[in-house]
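# Structural characterization, general
Here are the chains, one letter per residue:
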Amino acid sequence: MKRNKWISMAMLVLASVMVLSACGSNGGNNGGSKAENKPAAAETNDSKNDTGDKKLYIPVISKGFQHQFWQAVKQGAEKAATELNVEITFEGPETEAQVDKQIEMLQAALDKKPSAIAFAALDSKASIPLLEKAKANNIPVVGFDSGVDSDIPVTTAATNNIAAAALAADKMAELIGGSGEVALVVHDQTSRTGIDRRDGFVNQIKDKYPDIKIVDIQYGAGDQLKSTDLAKAIIQAHPDLKGFFGANEGSAIGVVNAVGELGKQGKITVVGYDSGKLQMEAIKNGTMAGAITQDPIGIGYWSVKAAVQAINGEKVEPNIDTGFHWYDKTNIDSDEIKPLLYE
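For the structure given in this document, a descriptive report is provided here. (Residues numbered from 1 in each chain as written. Predicted model: local features only at pLDDT ≥ 70, side-chain atom pairs only at ≥ 80, totals over all residues. Heavy atoms only, no water.)

A count of helical and extended segments in the protein chain gives ten helices and twelve strands. A buried classification covers 48% of the 343 residues belonging to the protein chain. Across the protein chain, the fraction of contacts at a sequence separation of at least 24, relative to all contacts at a separation of at least 6, is 74%. Surface exposure of the protein chain reaches about 17000 Å², of which carbon and sulfur atoms provide 51%. (Helix = DSSP H or I, 4+ residues; strand = E, 2+ residues; numbered from the N terminus. Buried < 20%, exposed > 50% of the residue type's maximum accessible area, 1.4 Å probe, protein only. Contact = heavy atoms within 4.5 Å. Areas by Shrake-Rupley, 256 points an atom, 1.4 Å probe, with all protein chains shown as cover.)

Next up, the structure:
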């Protein structure tokens, strides 16, 4: 009887061990695998969601910040970023003479592996090696305001500066009676805008107005003070000067300052380019005859919109003409012109 009792107990213990062993086996293999795989799968899904939900990042690198023009471009870029739900940064060097600083900014932007880059080149050649790097990494490049001597940008959102400067030349010729000496202060001779505005104005004068002589062209880096000094030197060297073209905001204000400081108001006709508070005041008070206005908000807007289109594989026109207009005291407050001006 005792023997049977011990046998029964032994069998009970053995059965218990087998059950526990089976439970442990299920928990360690099937149950354990599910427990381990589930967090891993969830982690992967979360990662995909993060990637899918993450906003496109597009650095917008301008020529600078010292003019109100760039603040208006920034406003347009931010408008597009909000509408299209993308993240942008907007930056530029302190002055438009700092080509090396802008190249450093472009390199830093590339290091962040952006979805695309919008770039307004201070030097149409210096940036090409970095733009080639962007292309090699499948980062679309959109030029704005000023193009580069390369087919790397998928498009450039800009004013037709040659045509716009030609219109400025026509207005100048009309204002000075088709004859006399004129001069230019241009922001630079390295950017596409500087080259095209200079050549657009000069070639139009040479081709259409044989009695107008261009006596000097100087480059003031878009700096008002430097442009003022250059313009004063030109005026003093050419006492019969009848007209002066300032090829961007800083250049134009420099010319206006020089004319005022030398007491030449009413004797020298000043034609400008761009807008800004001081230029608008000069047109209203008569010290500047008129100017060409671009659409800086449109330039900024299209630089970001075209970048998004390129990222999404949509067709983008190789050039986006954002338009230009002549304005003077007769139409500066008109419904057509007023929205294009910035202070």
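Looking now at the sheet that holds strand β11 (residues 319-321). Two strands in a sheet stick together by hydrogen bonds in their backbones, pointing the same way (parallel) or opposite ways (antiparallel). Taken together, six strands build an open sheet; the order of strands is β2-β1-β3-β4-β5-β11 and the sheet is parallel. With partners counted over all chains shown, the strands left at the sheet margins are β2 (87-91) and β11, one partner each. Averaged over all neighbouring strand pairs, the angle between strand axes comes to 20 degrees, with direction disregarded. Two strands pair when backbone bridges link them, and strand β1 (residues 57-61) and strand β3 (residues 117-119) are joined in this way by two bridges, in the parallel orientation. Note on β3: the bridge partner recorded for V60 is A118. Running at roughly 175 degrees to β2, helix α2 (residues 68-84) makes contact with β2 and β4 (141-144) of the sheet. (Pairing = 2+ DSSP bridges. Axes fitted to C-alpha atoms, helices over the stretch in contact; angles between N-to-C directions.)

Let us now look at helix α5 (residues 161-175). Compared with the 21 Å implied by 1.5 Å per residue over 15 residues, the 21 Å span of α5 between its first and last C-alpha is a close match. Residues of α5 that are buried include every one of N161, A164, A165, A166, A168, A169, M172 and A173, and no others. Buried residues in α5 make contact with β6 (180-186), α6 (192-208), β7 (212-219), β8 (241-246), β9 (269-273) and β10 (290-293). Downstream of α5 by one or two residues, G177 has phi in the positive range, about 80 degrees. (Expected span 1.5 Å × (residues − 1).)

Bringing empty space enclosed by the protein into the picture now. Applying the stated criterion across every chain yields a total of one cavity of 30 Å³ or more. The computed volume of the largest cavity comes to approximately 90 Å³. In terms of lining residues, the largest cavity is bounded by 13 residues, among which F69, W70, E96, N248 and D274 are the most central. Put simply, the parts of the chain that give the lining of the largest cavity at least two residues each are α2 and α6. Of the residues contributing to the lining of the largest cavity, the split by class is two nonpolar, five polar and six charged. (1 Å grid on protein atoms, 1.4 Å probe; cavity = no way out; pocket = protein on both sides within 12 Å on 5 of 7 lines; lining within 4 Å. Points joined across faces, edges and corners; volume = space filled by probe spheres on them. Nonpolar A, V, L, I, M, F, W, Y, C, P; charged D, E, K, R; others polar.)

Turning to α2, a few remarks are in order. Note that an α-helix has 3.6 residues per turn; residues three or four places apart therefore point the same way. In a regular helix each residue adds 1.5 Å, so 17 residues correspond to 24 Å; α2 covers 25 Å between its end C-alpha atoms and thus fits that length. By the burial criterion, the buried members of α2 are F69, W70, A72, V73, G76, A77, A80 and A81. Against β2, β4, α8 (249-261) and α10 (296-311) lie the buried residues of α2. Positive phi appears at N85, one or two residues downstream of α2, with a value of about 60 degrees.

Ranked by size, the top nonpolar core spans 28 residues in total, and within it I58, V60, V86, I88, F144 and V304 carry the most contacts. Elements with a contribution of two residues or more to this core: β1, α2, β2, β4 and α10. In contact with V60, not counting residues within four places along its chain, are I88, T89, F90, E91, A118, F144 and V304. Core analysis: the second largest hydrophobic core is formed by 24 residues, A231, I235, V256 and V270 among them. (Core = buried A, V, L, I, M, F, W, Y, C linked by side-chain atoms within 4.5 Å.)

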